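Analysis of the macromolecular model
So the chains spell out like this:
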Amino acid sequence: MAPPIPPPPAISLHDAVALSGRFPLLAGVDLEVAPGETVLVEGPNGAGKTSLLRVCAGLVGVSAGRVRVLGLDPNRRRTQVRRRVGLLSHASHLYDDLTVRENVRFAVRAAGADPGRIDGACARLGLTGRLLTTSASKLSAGQRRRVALAVLVARWPELWLLDEPHAGLDATARATLDQLIGEASAAGVTVVIASHEADVVGSLATRAVVITGGRVTGERTLGPPVAGRPAAAEPAGPAGDIPLPGPVAHVA
Amino acid sequence: MWRDTVLVAGKDLRIEARSRVALSQVAPFGVVALVMFAFALGPDRATMAKGAAGLFWVAVLFCTVLAVQRSVSVESVDGARDGLRLSGLDPAGLFLGKAAAVAAQLVVLEVVLGVGVTVLYGARIEAPWLILASCVLGTIGLAATGTLYGALSAGLRVKETLLPFLLLPIAIPVLLAGTRIWQAALAGGVPADGTPWLRLLVVFDAVYLALGVVVYGPIQESA
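None of the values given here were measured: they were computed from a predicted structure. (Residues numbered from 1 in each chain as written. Chains lettered and ligands numbered in written order. Predicted model: local features only at pLDDT ≥ 70, side-chain atom pairs only at ≥ 80, totals over all residues.)

1. Looking at the overall build of chain B
Selection criterion: The helix count covers DSSP runs of H or I at least four residues long, the strand count covers runs of E at least two residues long, and both are numbered beginning at the N terminus. Two things to know: the radius of gyration comes from C-alpha atoms, and the globule rule equals 2.2 Å times the number of residues to the power 0.38. Counting other C-beta atoms within 10 Å of a residue's C-beta gives its exposure: the residue is buried at 20 or more, exposed at 12 or fewer, and partly exposed in between, where C-beta atoms are placed from the backbone. Throughout, a pair of residues is in contact if the C-beta atoms placed from their backbones lie within 7 Å.
When you go through chain B residue by residue, the secondary structure sums to 9 helices and 0 strands. In chain B, the succession of helices and strands from N to C terminus is α-α-α-α-α-α-α-α-α. For 223 residues, the compact-globule estimate of 2.2 N^0.38 gives 17 Å, and the C-alpha radius of gyration of chain B, at 18 Å, lies within 12% of that figure. Taken along the three principal axes of its C-alpha coordinates, chain B extends 55 × 35 × 25 Å. Per-residue burial for chain B yields a buried fraction of 51% across its 223 residues. Expressed as a percentage of contacts within chain B between residues at least 6 apart in sequence, the contacts between residues at least 24 apart total 84%.

2. Focus: the overall build of chain A
A tally of helices and strands in chain A yields 7 helices and 9 strands. Taking all 252 residues of chain A together, the buried fraction comes to 50%. Taking the contacts inside chain A whose residues are at least 6 apart along the sequence as the reference set, 71% of them involve residues at least 24 apart.

3. Here we look at helix α8 (residues 172-185) of chain B
Residues and elements named next belong to chain B. What counts here: In a helix, the anticipated span is given by 1.5 Å times the number of residues less one.
Helix length check: α8 (14 residues) gives 20 Å between terminal C-alpha atoms against 20 Å at 1.5 Å per residue, within 8%. Along α8, 10 of the 14 residues are buried, which leaves the element largely enclosed by surrounding structure. Of all the residues in α8, the buried ones are V174, A177, G178, T179, R180, I181, W182, Q183, A184 and A185. Considering only its buried residues, α8 is in contact with α3 (45-73), α6 (128-154) and α9 (195-222).

4. Describing the interface of chain B and chain A
The figure often quoted for interface size is the accessible area lost as the parts come together. In this complex, chain B contributes 19 residues to the contact, which on the side of chain A involves 22 residues. Mapped by element, the contributors of at least two residues to the side of chain B that touches chain A are α1 (2-19) and α4 (80-86) of chain B. Sorting elements by how many residues they give to the side of chain B that touches chain A places α1 of chain B first, with 6 residues.

5. Details of the sheet that holds strand β1 (residues 11-20) of chain A
Residue and element names in this part refer to chain A. Under the convention used in this document: Only strands joined by at least two bridges in the DSSP assignment are considered to pair. The angle between two axes is taken between their N-to-C directions and runs from 0 to 180 degrees, where each axis is a line fitted to C-alpha atoms and a helix contributes only its stretch in contact.
In space, the 3 strands of this open sheet follow the order β2-β1-β4, with antiparallel pairing throughout. A single partner strand is all that each edge strand has here, and the edge strands are β2 (23-33) and β4 (64-69). The average angle at which neighbouring strand axes cross in this sheet is 30°, direction not considered. Strands in contact with helix α1 (residues 49-56) are β1, β2 and β4; relative to β2, the strand with the most contacts, it is inclined by about 65°.

6. So, the pairing of β2 of chain A
All names here are of chain A. Relative to β2, β1 is paired through 8 bridges, and the arrangement is antiparallel. Looking at β2, one finds that I11 is bridged to V33. Between β1 and β2, which pair antiparallel and follow one another directly, the connecting turn spans 2 residues, one of which, G21, has a positive phi of 65°.

7. Section: the packing of helix α5 (residues 91-120) of chain B against α6 of chain B
Axes are the key here: two packed helices are described by the angle between their axes and the distance separating the axes. All names here are of chain B. Defined as follows: Working rule for angles: under 35 degrees goes down as roughly parallel, over 145 as roughly antiparallel, 65 to 115 as roughly perpendicular, anything else as oblique. Crossing chirality is assigned from the near helix's rotation relative to the far helix, an anticlockwise turn below a right angle marking it left-handed and a clockwise turn marking it right-handed. Ten residue types, Ala, Val, Leu, Ile, Met, Phe, Trp, Tyr, Cys and Pro, are classed as nonpolar, four, Asp, Glu, Lys and Arg, as charged, and the remainder, Gly among them, as polar.
Across the interface, α5 lies against α6 with an axial gap of 8 Å and an inter-helix angle of 135°. The angle between α5 and α6 falls in the class oblique. Both α5 and α6 take part in a crossing whose hand is right-handed. Contact residues: F95, K98, A99, V102, A103, L106, V107 and E110 in α5; C135, T139, I140, L142, A143, A144, G146 and T147 in α6. Looking at the contact of α5 with α6 residue by residue, the classes come out as 11 nonpolar, 3 polar and 2 charged.

8. What about the confidence of the model for chain A?
Counted only if it meets this: In predicted models, pLDDT denotes the confidence assigned by the predictor to each residue on a 0 to 100 scale.
Averaged over all residues, the pLDDT of chain A equals 82, while 87% of them reach at least 70. A low-confidence stretch, residues 226-244 of chain A stays under pLDDT 50, and its non-local contacts, those more than four residues away or across chains, total 42 contacts.

9. Here's the deal with α1 of chain B
Counted only if it meets this: Here, the arc refers to the directions that run from the helix axis to the C-beta atoms.
A rise of 1.5 Å per residue sets the reference length of α1 of chain B, with its 18 residues, at 26 Å; its end C-alpha atoms lie 26 Å apart and thus fit the reference within 8%. Taken together, the buried positions of α1 of chain B are D4, T5, V8, A9, K11, D12 and E16 of chain B. The arc enclosing the buried residues of α1 of chain B, seen along the axis, measures out at 155°, which places them on a common side. Opposite its buried face, α1 of chain B presents the exposed residues W2 and A17 of chain B, each directed more than 90 degrees away. On its buried face, α1 of chain B sits against α3 (100-110) of chain A together with α2 (21-41), α3 and α5 of chain B. Where α1 of chain B ends, the next residue or the one after it, R20 of chain B, has phi of about 55°, a positive value.

10. Brief notes about the packing of α3 of chain B against α6 of chain B
Residues and elements named next belong to chain B. Relative orientation of the contacting elements α3 and α6 amounts to 50°, with a least axis distance of 9 Å. As summarised for this structure, α3 and α6 are arranged oblique, according to the angle between their axes. Pair α3 / α6 crosses with right-handed handedness. The residues of α6 that touch α3, namely those facing T64, V68, S71 and V72, are L142, G146, T147, G150 and A154.

11. Describing the sheet that holds strand β7 (residues 190-194) of chain A
All names here are of chain A. Reading across the sheet, the 6 strands line up as β5-β6-β7-β3-β8-β9 and stay open at both edges, with mixed pairing between neighbours. The sheet is open, and its two borders are formed by β5 (85-88) and β9 (215-221), each paired with just one other strand. Averaged over all pairs of adjacent strands, the angle between strand axes in this sheet comes to 20°, irrespective of strand direction. Of the strands in this sheet, β3 (38-42), β5, β6 (159-163), β7 and β8 (207-212) are in contact with α1, which crosses β7 at around 150°. Relative to the sheet, helix α5 (residues 141-155) contacts β5 and β6, its axis offset from that of β5 by approximately 165°.

12. So, the confidence of the model for chain B
All names here are of chain B. Considering every residue of chain B, the mean pLDDT works out to 88; 96% of them sit at 70 or more. Across chain B, element-level confidence peaks in α5 with a mean pLDDT of 93 and bottoms out in helix α7 (residues 159-170) with 84. The ipTM assigned to the predicted complex is 0.84, against a pTM of 0.85.

13. With respect to unusual backbone geometry
At L70 of chain A, a residue that is not glycine, the phi angle is positive and equals roughly 55°. Inspection of the secondary structure puts L70 of chain A in the loop between β4 and α2 (78-84). The backbone of D78 of chain B shows a phi angle near 55°, a positive value even though the residue is not glycine. Relative to the elements of secondary structure, D78 of chain B occurs in the loop between α3 and α4. D78 of chain B sits in the partly exposed class, given 19 other C-beta atoms within 10 Å.

Set out below in structure tokens:
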């Protein structure tokens, strides 16, 4: 019997160069992330961490090199890739004139995900009661971040790209986020976290990649992720757990 | 595609229902424009009635620029445009949805401006079906071109000033056809057959709807 064909890497970049005008965002990145792996991307400001995540999300194209995300070229098959990828970026992607619930509902339906998960996801992030019907314009930066996280949790994509995910969150929301990352990782979701807070995120990741000047300049193995694993986790949030999807099926 | 169209149009119209920019700012601007035209033409109601058709469509064009700018600006706050791109929405559905929301607002504005020209300029409608047909077809054309050129200018720092510069010359066929049709439809206007101008509007709409469906995605990615 022939050995089973291993699934393709969740992310595969070979000598990837991305430009903004003439300015190099990525200057030849080589990186492979296995399905289900949780990777920390670290580096100084302007090193290319955010650009790397945007390339993986298909928001920035590469001008040279090769990129595959979930086995697909994100520049040619944008829709297919984007529906399977979630990016938590510095912006929350919210409409100020819509309520929290309307924002989450629109984002989830636009991504073709199951709207039935919206209430649970909002509750998990502490977005309950009057907050759900509050206009996004009245939210604090931390609350906006929690709404963006609720969208990610409700969508539950195969690949999570988290750019400084702890920024602006209070202690409770940080704990919830850590637990969610752990649960996602346990469910087979691939997670890439760009962060300066290596001491916080390091416990969630299995590997750290260092980016400097738009290139991968170092790599180190971290311990097995412990924080946030469902078995070891603290209660998640004000409304408790919501049922999460089963393990992610990695398809070629 | 149609699911995405309905979703995006519903979202934009919900935002408009909350902010009421079209009703509280754009419509009053259109009426003020009609009043200013009346001052410019003088007190002779016969002159005003003669110019009513053209002035109506000029006011509609100005309102279109504002409605499209609003449609673009709601996507420029808090990275909403990136959010739309990331959601994996069908670009054609996105284009049609945004155009449909702009068109719905234009219909309301045209009703307000239509009442304005009949009250202010004393224009009397003799062929309501021509008025209705020109408004429907003109609205589709303006919404399609506005949405397309709105996306084109969206990523630029000078989008507020660039959009009118791009959109107004492109919308000249709508201005011409709409004016001729209204002249034929209003009492005391220029005797003319509006049908050829309706055909022009149909062709204009078909070209820009097709163009938008095809190129909106690439424009959105490059903006």
